[in-house]
Amino acid sequence: MALKGRYKLSVEPTSEEHNVEGSNRRRMKWSNLYSYSCSRPVGKLEEATSSLGTEGFSRVVLIGNQDEHLVRYPSNWVSTTKYNLLTFFPKALYEQFRRIANIYFLLSAALSLTPISPFSASSLILPLVFVVGISMAKEAIEDWHRFLQDKEVNNRKVLVHQGDGIFVPVEWKKVRVGDIVKVEKDNFFPADLLLLSSSFEDGICYVETMNLDGETNLKLKRSSEYTMDLDDDEDFDLLEAKIICEDPNPLLYSFIGKLMIVDHKEPLGAEQILLRDSKLKNTEYIYGAVIFSGHDTKVMQNATPPPSKRSAIEKRMDLIIYMLFAVLFLISFLGSVALGVYTQRWTPTWWYLKPDESNFFYNPDTPLIAALFHLITALVLYGYLIPISLYVSIEVVKVAQAMFINQDLEMYYEETDTPARARTSNLNEELGQVDTILTDKTGTLTCNQMEFVKCSIAGISYGENGFKFETTTVLGQEKDVPAQRNFMHTASELINEVKCGTGGVHIKGFNFRDGRLMNNCWVQEENPSVIELFFRILSICHTAIPDEDEASGEISYEAESPDEAAFVVAARELGFEFSKRTQSSLVVKEFDLASGRKVARTYELLDLLEFSSARKRMSVVVKDEENNIFLFCKGADSVIFERLGKNGKEYEEATKAHLSKYADAGFRTLAVAYKKLELSEYESWSSEFLKAKIYMGLDRDTKLDEISELIERDLILVGATAVEDKLQEGVPRCIDKLAQAGIKIWVLTGDKMETAVNIGFACSLLRQGMRQIVITLENENTKTVEASGNKEFINKFLQESTRQQIASARQQIGGEKDKTAVFALIIDGKSLNFALSMDLRDDFKQLIIKCSSVISCRVSPKQKAMITRFVKESTGNITLGIGDGANDVGMIQEADVGIGISGVEGMQATMASDFSIAQFCFLERLLLVHGSWCYKRIAVMICYFFYKNIHFGFTIFYYEVYAAFSGQAAYND
C-alpha cells in the first residue's frame, strides 16, 4: 500500500517496488490505538463518516491540484491588527465617540462655529482634537506594533513543492490550501497541515505547542499509513489526493475528516494534524499538506478578544458624569427661564442696550425664542462641568501604574526569569478593592512538581518518607512552621536499605524511600507477582514519550502531566524502564522473576482509552509476548473502586485505609487496577470501539466513553500511588496577610476532601481554633440510596440532604456565642451542585457570607466558573480568580479580576488573565501594595477632577446671575 515514486498512484505496488521500499525503510503496523483498521469494510466507513459533506463538514482540499478548488480559500496572510489604512479613522473615531462626554464636546465644537456660542471655535475644537488625537495616537502605535509582528511572521519562509519533486523556499503569506510543504527541525508550521510523513520510519514526529496552549511538553503526532513512506522530495511528484473534513473551527484538540487516495479512504483525527504556530522538535523534517490557511487556522479561530471587563470606579465615574449632565441641563434650563423673564420685563428699560435695535437673542417681543437660543448657549457655556480630559488623564495614569507593576523587582521570579505582567491597565484599581479570592490549588498554591513518595501494593503500604504540618503560637498569634520531612526507619529497614543500596542523588519526580522495593528487593516480598504487575502497569499505562540522551544514554520522559512523568520515573527507578514507543508497541526493560535478570519485553499496544476530566481515569489494552491481552487502568480511587469485580476486591479495604492516610498527609492519590481479557471478549468489544472511533459526528467523544465503559468493569485492584505536590514558598504567609486584610479566600480543587483540608492547614487557610463546617454527600447513607438506581429518588434525597446540612450549618453559626469565632466551610462538588440550584442558592448565599474561608473539593472546571459567578452575583463585591491551568480559564474570565500563574501547566491561564505573576506569594504585594496605591491614586485624581470642574461650572453660573444670564463667559478663552 505504499505510495513511493510512482507515475500513477495505485493500490498495490509491484513486488519489485516492495523490495525497493523494504530496503529504504521498515514498514510499521498501524495500530488501532492511533489509526483505524485498514481491513474494515468500506461500507462501515461510509456509514461512520455520514456527517462529512454536511453543514460543518463541507471542506474539500485537493492535494496536488490546488488550482482546481471550487471554493476560493483565504490566503495565508494573517493580520492581528485592529485597523488598516482605510478603516483606521472611521473605526478609531467610532471608538472615541462611543463615550457620551466626547459626543457632548463634539456638539459643542460644532456649535462654536455659530453665533450662539459663548466661546471662540478654536477654544473648543483644539482641546477636543488634542484629547481625541492622543487616544487615537495611542491606538495607532499599539496597532503599528501588531502590524510589524504580523509582517515578520508573514514573511517567514518554508519549503513548498513546485512540481517535479522540487521544493523551493516560499514566504508563508504565499502558501495555499493544498500545497505540500517541507518543515525542518525547530521551525514553526506555516498553516494547519496534514502530516504526510516524517524523517522517522514510522511516520511520527514531535511537536511543541507552547505558542498554542503554553505547554512545554512535546506532543507525538503520527501520519497516515498510506503516506508514511513518502520520505524523499521526488516521491511527491505525482501525489494527488483529496481531503474532506470539518469546516474551520476553534477546537484545538479535535479534528474530523477523511483522506482519499485513489480508492482508499482513511479517517483522519487530531493526532495527524500539525497546527500553525506549533514547532517541530526532535525530528529532522516532516512533509505536510495545507488544510487550513490564514484566518481559517485553528490558532486564528481562537484569536478572539477576552471578555470586556470594566472597573467599578469607571462604572461609578460614568454615573457621576450622567449626574453632571443632569445638573448641566438643569442650570441651563434655569438660566434660560431667567433670561426669558429678563428679556420680557427689564430689557426694554435698559436704554444702553439699544432695545429698539436688538437682535433675536435679546428681543423683548420674542422672549421665548431668546430663551431657547440661550438654552443652547448655556449648554456650551457650562461645559466646564464635564471633565473633557478625565478619560485621557486616567489612561495615562493607568499605563504608568501598569509600568510600576511590570518593573517591580519584588514580584520578579528569578528561577524562571518571569516578571509580573499587567496584561491590561484597565483594572489596576480593582486590585485594591478585592473582597473574595477564588484560587485553584494544584500549581497555584502548590508547585505542580510531583514526586512519587508512597504506594500501596497488595494491601501493603510502602514508602517511609512523609511530611506533616505543624503550627506554633508566637505572642498569641499562629505562625506556620515549614513542613518537615520525617524519615522513620526501624533497624531492620535501615539494614535492608544498606543491603539494597537505596541511597544516592535525588532524582526529579522520585522521592521514594523503602528498602523492601528498591533494587529488585521486592522479589523477597510476600506477593512478588502482584508487585511486578503494579510496576508494569506504571511503566505501560501512560502516553509519555521517551527521549534518550545520545551522549550519556540516559532516558528522560516528555509527559502530558507532572503526575504521569512521576509514575514513569518511579517505574524506571524500581526496575521497570520504559525505553521505546512506536505507533503500535512499547518496549519495557523489566526484571524477570523466572530468570532473575533484566529483559526487554515488547507489548503490543491495541487500544488507548484516554484520560479526561469527566472519565477521571485512563486505560490501555496491550498484548504481551505470550499473546495474553490485558487492560491496565489507573484513575481516581472513587472511579476505580466502583468498577471492581467480585474477585477484584481482595485488597480494597486495606488500600482504602492507606489512601485515607495518604490524603491526610496531603498527597495526591490514584488507584491502579487491571483485567485479563479473553480474545473473543476483546474482539467483540474492539469491533464496537472501532465503530465509535471512526464515527465522524459531533458526539463522537460521547460514543467513545460509552463503549469504554463496557470494558472498564470487573477490574482487579492492584494498589494505589501517592505523589507529593509541595507548597509554593511563602504561601502560608501570603494567605495569612490577605486574611488579616479582611479578604475571604476560596480554594477550588479537584482533590479529595482529606487532601484539600490538609493543604488548607498547611497554607494557613484553615487555622487552629477555626470552626469547620463540612457539607458532603460522600457518606454511607448516600451510597445506600444510590444503590437503588432510581435517579429521581436519588436526586430528591441528595437535595434534601444538602438542604439539611446547610440549615444545620446556619443554625450552628447563628447559635455561636463567641462573637470572635471564625468559620470555614468545606464542601464537595456533588453537594455544591445542589447548593447552587435555585431552591437552595439563597440559603447557601447566607451561609457563605458568614464564612471567612471556603474549600470546595472534587469540583470540575465548569463548576469553578459557576461558583465564581455565584459569589460575584451574591455578594456584589469584587472577586478575584487565580489559577495556572487550562481548567482555570473559566474561573479567571468569570471573575472581576483574573490572575494567571506562569506555571508548569502552560500559559493558557496566563493568556486569559488580566494580570500574571510567577508565584502565588506575589499576590500579597500585588493586592496590598500596588492594588491599594492604584485605587487610592485613581480615586483621589477622579475626585479632584470633578471638584475642579464643578467649581469652574458653578463659578460661571454665579457670574451669570450678575450678567442677567446673557451667556457671557467669565474666563478668557
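Residues numbered from 1 in each chain as written. Predicted model: local features only at pLDDT ≥ 70, side-chain atom pairs only at ≥ 80, totals over all residues. Heavy atoms only, no water.

### Regarding the overall build of the protein
When helices and strands are tallied, the protein shows 27 helices and 35 strands. Sorting the 973 residues of the protein into buried and exposed places 53% on the buried side. Taking contacts inside the protein between residues at least 6 apart in sequence as the whole, the part at least 24 apart equals 71%. Roughly 44,900 Å² of accessible area belongs to the protein as shown, and the carbon and sulfur atoms make up 54% of that amount. (Helix = DSSP H or I, 4+ residues; strand = E, 2+ residues; numbered from the N terminus. Buried < 20%, exposed > 50% of the residue type's maximum accessible area, 1.4 Å probe, protein only. Contact = heavy atoms within 4.5 Å. Areas by Shrake-Rupley, 256 points an atom, 1.4 Å probe, with all protein chains shown as cover.)

### Details of the packing of aromatic side chains
Counted according to the given criterion, the structure contains 34 aromatic pairs. Both rings, one in Phe255 and one in Phe292, keep their centres 6.3 Å apart while their planes meet at 75°; by these two values the pair is edge-to-face. Linking Phe255 in the loop between strand 8 (241-245) and strand 9 (257-261) with Phe292 in strand 13 (residues 285-292), this pair joins segments that are 37 residues apart in sequence. Residues Phe255 and Phe292 agree in their burial class; the two are buried. A ring pair is formed by Phe452 and Phe512, whose centres lie 5.6 Å apart and whose planes are at 50°; its orientation type is tilted. Linking Phe452 in strand 16 (residues 446-457) with Phe512 in the loop between helix 11 (491-500) and helix 12 (528-540), this pair joins segments that are 60 residues apart in sequence. Among the aromatic residues, those joined into a ring-pair cluster are Trp522, Phe534, Phe535, Phe576 and Phe591. One residue, Arg59, lies across the ring of Tyr73, its end atom 4.1 Å from the ring centre. The ring of Tyr285 has Lys182 lying over it, and the distance from NZ or CZ to the ring centre is 4.9 Å. (Phe/Tyr/Trp six-rings, centres within 6.5 Å; stacked < 30°, edge-to-face > 60°. Lys NZ or Arg CZ within 6 Å of the ring centre and 35° of its normal.)

### Observations concerning empty space enclosed by the protein
One pass over the structure, following the stated rule, counts four cavities of 30 Å³ or more. Taken as a whole, the second largest cavity holds about 50 Å³ of empty space. Within the residue set of the lining of the second largest cavity, elements represented by two or more residues are strand 15 (434-440), strand 29 (744-748), helix 23 (841-849) and helix 24 (861-875). Classifying every residue of the lining of the second largest cavity gives four nonpolar, two polar and two charged. (1 Å grid on protein atoms, 1.4 Å probe; cavity = no way out; pocket = protein on both sides within 12 Å on 5 of 7 lines; lining within 4 Å. Points joined across faces, edges and corners; volume = space filled by probe spheres on them. Nonpolar A, V, L, I, M, F, W, Y, C, P; charged D, E, K, R; others polar.)

### Notes on the sheet that holds strand 14 (residues 421-422)
Pairing is mixed in the open sheet, where nine strands are placed in the order 14-35-34-33-15-29-32-31-30. Where the open sheet ends on each side, the last strands, each with one partner, are strand 14 and strand 30 (771-775). Pairing geometry for strand 34 (residues 897-901) and strand 35 (residues 915-917), over three bridges, is parallel. The residue of strand 35 that forms the bridge with Ile901 is Ile917. (Pairing = 2+ DSSP bridges.)

### Focus on the pattern of salt bridges
Where charged atoms of side chains with opposite charge meet at close range, the side chains can pair. Counted by the stated rule, this structure contains 35 salt bridges. Where Lys182 meets Asp233, a salt bridge forms, and the shortest distance between an N and an O atom there is 3.5 Å. With a gap of 51 residues between them, Lys182 in strand 4 (residues 180-184) and Asp233 in the loop between strand 7 (218-222) and strand 8 connect regions that are remote in the sequence. Judged by its relative accessible area of 15%, Lys182 falls in the buried class. Where Glu688 meets Lys691, a salt bridge forms, and the shortest distance between an N and an O atom there is 3.7 Å. Of this pair, Glu688 and Lys691 both sit in helix 16 (residues 679-694), separated by three residues, roughly a single helical turn. Classification of Glu688 as partly exposed rests on a relative accessible area of 35%. (Salt bridge = Lys/Arg side-chain N within 4 Å of Asp/Glu carboxyl O.)

### Here we look at the UniProt feature "transmembrane region" (unreviewed entry) in the protein
In this structure's numbering, the residues bearing the UniProt feature "transmembrane region" (unreviewed entry) are residues 100-118, 319-342 and 368-394. Across residues 100-118, the secondary structure splits into 63% helix and 0% strand, with the terminal C-alpha atoms separated by 22 Å. Helix and strand shares over residues 368-394 are 70% and 0% respectively, and the end C-alpha atoms of the span are 42 Å apart. (UniProt positions renumbered as here; feature names shortened; annotations may be inferred.)

### Looking at the sheet that holds strand 3 (residues 167-171)
If you walk across this open sheet you meet the six strands as 3-2-4-13-5-11, and the pairing is antiparallel. Two strands lie at the open edges of the sheet, namely strand 3 and strand 11 (273-274), each paired on one side alone. Pairing analysis gives six bridges linking strand 5 (residues 192-198) to strand 13, with the strands arranged antiparallel. Its bridge partner being in strand 13, Leu193 is matched across the sheet by Val290.

### Observations regarding the packing of helix 3 (residues 88-96) against helix 5 (residues 121-154)
At a closest axis distance of 10 Å, the pairing of helix 3 and helix 5 adopts a crossing angle of 125°. Taken as axis vectors, helix 3 and helix 5 run oblique relative to one another. The crossing of helix 3 and helix 5 is right-handed. Across the interface between the two elements, Phe88, Phe89, Ala92, Leu93 and Gln96 of helix 3 pack against Val132, Ser135, Met136 and Ala140 of helix 5. When grouped by side-chain class, the residues that make up the contact of helix 3 with helix 5 number seven nonpolar, two polar and no charged. (Axes fitted to C-alpha atoms, helices over the stretch in contact; angles between N-to-C directions. Parallel < 35°, antiparallel > 145°, perpendicular 65-115°, else oblique. Left-handed = near helix turned anticlockwise from the far one by under 90°.)

### Section: a nonpolar patch on the surface
Taken together, the side chains of Leu330, Phe333, Leu334, Val337, Val341 and Trp346 make up a nonpolar region of the molecular surface, amounting to roughly 550 Å² of accessible area. For Phe333, the location among the structural elements is in helix 8 (residues 312-345). (Patch = residues over 30% accessible without salt bridge, like charges linked within 9 Å, V, L, I, M, F, W, Y side chains within 5 Å.)

### What to know about helix 24
For helix 24, with 15 residues, the first-to-last C-alpha span of 22 Å sits near the 21 Å given by 1.5 Å per residue. Downstream of helix 24 by one or two residues, Gly876 has phi in the positive range, about 75°. (Expected span 1.5 Å × (residues − 1).)

### A word on unusual backbone geometry
Peptide bonds are mostly trans, and most non-glycine residues show a negative phi. The phi angle at Asn282 is positive, at roughly 55°, despite the residue not being glycine. For Asn282, the position within the fold is in the loop between strand 12 (279-281) and strand 13. For Asn282, a relative accessible area of 33% corresponds to the partly exposed category. A positive phi angle, close to 55°, is found at Asp714, a residue other than glycine.

### Regarding the packing of helix 8 against helix 9 (residues 367-381)
Between helix 8 and helix 9, the shortest axis-to-axis distance is 8 Å and the interhelical angle comes to 145°. Here the hand of the crossing between helix 8 and helix 9 comes out right-handed. Every residue of helix 9 that contacts helix 8 at Leu328, Phe329, Ser332, Phe333, Gly335, Ser336, Leu339, Gly340, Thr343 and Gln344 is listed here: Pro367, Ala370, Ala371, His374, Leu375, Ala378 and Leu379. Split by residue class, the contact of helix 8 with helix 9 holds 10 nonpolar, seven polar and no charged.

### Notes on helix 5
The end-to-end C-alpha distance of helix 5, which contains 34 residues, comes to 47 Å, matching closely the 50 Å that a straight helix rising 1.5 Å per residue would cover. If you check which residues of helix 5 are buried, you get Ser123, Leu124, Leu128, Val131, Val132, Ser135, Met136, Glu139, Asp143, Asp150, Val153 and Asn154.

### Here's the deal with the pairing of strand 34
Within strand 34, five of the five residues are buried, leaving the element largely enclosed by the surrounding structure. Burial of strand 34 is two-sided: the residues Val897, Ile899 and Ile901 facing one way and the residues Gly898 and Gly900 facing the other way are all buried. Summarising the sheet, strand 33 (residues 878-883) and strand 34 pair through four bridges and their orientation is parallel. Along strand 34, the bridge assignment pairs Ile882 with Ile899.

### Comments concerning the environment of Pro248
If you trace the backbone, Pro248 turns up in the loop between strand 8 and strand 9. Put simply, Pro248 and Ile291 are 43 residues apart on the chain and 9.6 Å apart in space, counted from C-alpha to C-alpha. For Pro248, the contacting residues outside a window of four places in its chain are Arg59, Phe292, Asp296 and Gln301.

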